[in-house]
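Summary of the model geometry
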Amino acid sequence: MQKVKNSPKDIYQEITNLIIGKLEQGFIPWRRPWSAYGAAASYITKKPYRGVNALLMNMLNHEKPYYLTFKQAKELGGTVKKGSKSVPVLYWNFYFRHAETGKKLSEAEARKLPSDKVKKSAFLREYKVFNIDQVDNIEFDIPEVVIKPENEIIDSCESIVTGMPNAPRIRHDNAKKAFYVPSRDYINIPPIRFFDSSEFYYDTLFHELIHSTGHQSRLNRPEITEHNSFGSENYSKEELVAELGGSFLCGVAGIQDERTIENNTAYIQGWVKRLKNDKKLIIEAAAKAQKAADFMFLM
């Protein structure tokens, strides 16, 4: 592993450029981020990538979304195919110093001191990974693909919906629209039979559930708790959080459906413009989306 040489601002720009490139090709990364095998994950730990890493890894669109470092592949007896390009995985690391003496502290030492006595600094680190299709000489143990019947309850999705703590009410009163009403804390979604597929139904429901995590009784997200008119900056940011968070939940549930991909040109170009104007937008939105998705699994 190595420390990222570029500044965080450079990293923001690099990631934003990657996503803009996909959008300009007519591809919405967070609308089609999951394969039939589930969300992109480390092959060794089987843990899905999180935050902006989840977004970046899933937009690569490999059939089997499992990844290894060069060292991990070698330890398993494999070899990375010549000419294969690696992908960076980013994470924050922290170090601590005594506010008065400047002495470097371990995390355990820092926790024992009052907060005003500790200075905490963060820096980005990265490591490179390869998709398992880029690695030879390993017999990979991959979970079987499960083909789900259309427009029927999907157990992996239902467990997420019913397991949400302090959940909002879910109604099926309006057959034409899906929406969340913060003031009354309920979601309306058309019955599952109205959707083109079961996956499209849960994709839509997950989107609205992510909105609901912003309620004041949950994560108290300003984009939800404050009045934000349609088309306002906060409204647009919240829509991006819901898009990303909903996709994270789809990844956990392991669903994918081609018909859930919306290739509306105006919609795509609108996001391209916003991302170009604010290079931090996608990373900040991904962080909020991850927090919202994590809330769904609180026990």
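In the block above lies the structure referred to throughout.
Residues numbered from 1 in each chain as written. Predicted model: local features only at pLDDT ≥ 70, side-chain atom pairs only at ≥ 80, totals over all residues. Heavy atoms only, no water.

Observations regarding the packing of aromatic side chains
One pass over the structure, following the stated rule, counts 8 aromatic pairs. Here the aromatic rings of Tyr-201 and Tyr-202 are separated by 4.9 Å at their centres, their planes lie at 80 degrees, and the arrangement is edge-to-face. Summarising the burial analysis for this pair, Tyr-201 and Tyr-202 share the class buried. Each ring, one from Tyr-202 and one from Phe-206, has its centre 6.3 Å from the other, and the planes form 40 degrees; the classification is tilted. Separated by 4 residues within a single helix, Tyr-202 and Phe-206 lie in helix α6 (residues 198-212), roughly one turn from each other. The structure contains a cluster of three or more aromatic residues connected by ring pairs, namely Phe-195, Phe-200, Tyr-201, Tyr-202 and Phe-206. Lying across the ring of Tyr-43, Lys-46 places its NZ or CZ 3.9 Å from the centre. (Phe/Tyr/Trp six-rings, centres within 6.5 Å; stacked < 30°, edge-to-face > 60°. Buried < 20%, exposed > 50% of the residue type's maximum accessible area, 1.4 Å probe, protein only. Helix = DSSP H or I, 4+ residues; strand = E, 2+ residues; numbered from the N terminus. Lys NZ or Arg CZ within 6 Å of the ring centre and 35° of its normal.)

Some words on the pattern of salt bridges
Applying the stated criterion across every chain yields a total of 8 salt bridges. Notably, a salt bridge pairs Asp-136 with Lys-81, separated by 3.9 Å at the nearest N-O pair. Of the two residues, Asp-136 sits in strand β8 (residues 135-136) while Lys-81 sits in the loop between β4 (79-80) and β5 (87-98), which places them 55 residues apart along the sequence. Taking the relative accessible area as the measure of exposure, Asp-136 reaches 33% and is therefore partly exposed. Using a relative accessible area of 37% as the deciding quantity, one classes Lys-81 as partly exposed. In this structure, Arg-221 and Glu-238 form a salt bridge, with 2.9 Å as the shortest nitrogen-oxygen distance. Remark: Glu-238 occurs in helix α8 (residues 233-253) and Arg-221 occurs in the loop between α6 and α7 (222-225); sequence separation between them is 17 residues. For Glu-238, a relative accessible area of 3% puts it in the buried group. (Salt bridge = Lys/Arg side-chain N within 4 Å of Asp/Glu carboxyl O.)

Examining the pairing of strand β7 (residues 118-131)
In this structure, strand β3 (residues 66-68) lies alongside β7, joined through 2 bridges in antiparallel fashion. Residue pairing in the sheet places Tyr-67 in a bridge with Asn-131 of β7. Pairing of β5 with β7 involves 12 bridges; the strand directions are antiparallel. In the sheet register, Val-87 faces β7, and the bridge partner there is Val-129. (Pairing = 2+ DSSP bridges.)

Side note on the pairing of β5
Summarising the sheet, β5 and strand β6 (residues 104-105) pair through 2 bridges and their orientation is antiparallel. Opposite Arg-97, over in β6, you have Lys-104 as the bridge partner. Turn length for the β5-β6 hairpin, with the two strands adjacent in sequence and antiparallel, is 5 residues, and the turn residue Gly-102 shows positive phi of about 80 degrees.

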